Amino acid sequence: MALYIVAEECISCGDCEPVCPTASIFEGKIVFEITKSTCTECEGDYDVPQCVKVCPVDNCILPIAA
Ligand code: SF4
Ligand code: SF4
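Asks: Honestly, the overall build of the chain in this entry has me stumped. Any pointers?
Replies: Assigned secondary structure in the chain consists of one helix and four strands. When the helices and strands of the chain are listed from N to C terminus, the series reads β-β-β-α-β. On C-alpha atoms alone, the chain measures out to a radius of gyration of 11 Å, which is about the 11 Å that the 2.2 N^0.38 rule sets for 66 residues. Reported as C-alpha extents along the three principal axes, the dimensions of the chain are approximately 30 × 25 × 20 Å. Put simply, the chain has 66 residues, and 23% of those count as buried. Counting contacts in the chain only where the partners sit at least 6 residues apart, residues at least 24 apart contribute 63% of the total.

Laid out in structure tokens, this is it:
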């Protein structure tokens, strides 16, 4: 389980990067990205995904479809 950043929506504000408890967010070549293998969806740390909470763009960070 992990979330991903929708490249077409991300405005590269960087707000999500420092709030991630697993340091899974990094600035990619074009927009910010989430490392799939380490994103926990914040389970065990917070009730809601912190990146989604701080992101100013709606529907910019979504669950990876199974
Ligand atoms: S859901 Fe949580 S663990 Fe996953 S990238 Fe966002 S802040 Fe980091
Ligand atoms: S907070 Fe949202 S818009 Fe800002 S860099 Fe992160 S994913 Fe992109």
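Anyway, onward from the coordinates.
Asks: It is not clear to me how the environment of Glu 8 should be interpreted in this structure. Could you clarify?
Replies: Looking at where Glu 8 falls in the secondary structure, it is placed in the loop between β1 (3–5) and β2 (25–27). It is 8.8 Å that separates the C-alpha atoms of Glu 8 and Val 31, two residues lying 23 residues apart in sequence.

Asks: Got a minute to help me understand the site of ligand 2 in this structure?
Replies: Ligand 2 sits among 15 residues. The nearest are Cys 10, Cys 13, Cys 16, Phe 32 and Cys 55. Across the shell around ligand 2, the residue classes tally to 12 nonpolar, two polar and one charged.

Asks: Help me out: how do you make sense of the site of ligand 1 in this one?
Replies: As a matter of local geometry, ligand 1 sits amid 15 residues, with Cys 20, Cys 39, Cys 42, Pro 49 and Cys 51 nearest to it. When its residues are assigned to classes, the shell around ligand 1 shows 10 nonpolar, four polar and one charged.

Asks: Can you walk me through the nonpolar core in this structure?
Replies: Soluble globular proteins tend to bury their nonpolar side chains together. Ranked by size, the top nonpolar core spans 12 residues in total: Leu 3, Ile 5, Cys 16, Cys 20, Ile 25, Phe 32, Ile 34, Cys 39, Cys 51, Cys 55, Cys 60 and Ile 61. Listed by contribution, the elements that provide at least two residues to this core are β1 and β3 (32–34). The contact partners of Ile 34, leaving out residues within four places of it in the chain, are Ala 2, Leu 3, Tyr 4, Ile 5, Ser 24, Ile 25 and Cys 39.

Asks: Sorry if this is basic, but what is going on with the environment of Cys 39 here?
Replies: Residue placement: Cys 39 occurs in the loop between β3 and α1 (50–54). Its 21 C-beta neighbours within 10 Å are what place Cys 39 among the buried residues. With 15 residues separating them in the primary sequence, Cys 39 and Ser 24 have C-alpha atoms 5.7 Å apart. In this structure Cys 39 touches Ala 2, Leu 3, Thr 22, Ser 24 and Ile 34, once residues within four positions along its chain are discounted.

Rules behind the numbers
- Residues numbered from 1 in each chain as written.
- Chains lettered and ligands numbered in written order.
- Predicted model: local features only at pLDDT ≥ 70, side-chain atom pairs only at ≥ 80, totals over all residues.
- Helix = DSSP H or I, 4+ residues; strand = E, 2+ residues; numbered from the N terminus.
- Rg over C-alpha atoms; globule rule 2.2 N^0.38 Å.
- Buried ≥ 20, exposed ≤ 12 C-beta atoms within 10 Å, placed from the backbone.
- Contact = placed C-beta atoms within 7 Å.
- Near = placed C-beta within 6 Å.
- Nonpolar A, V, L, I, M, F, W, Y, C, P; charged D, E, K, R; others polar.
- Core = buried A, V, L, I, M, F, W, Y, C linked by C-beta atoms within 7 Å.

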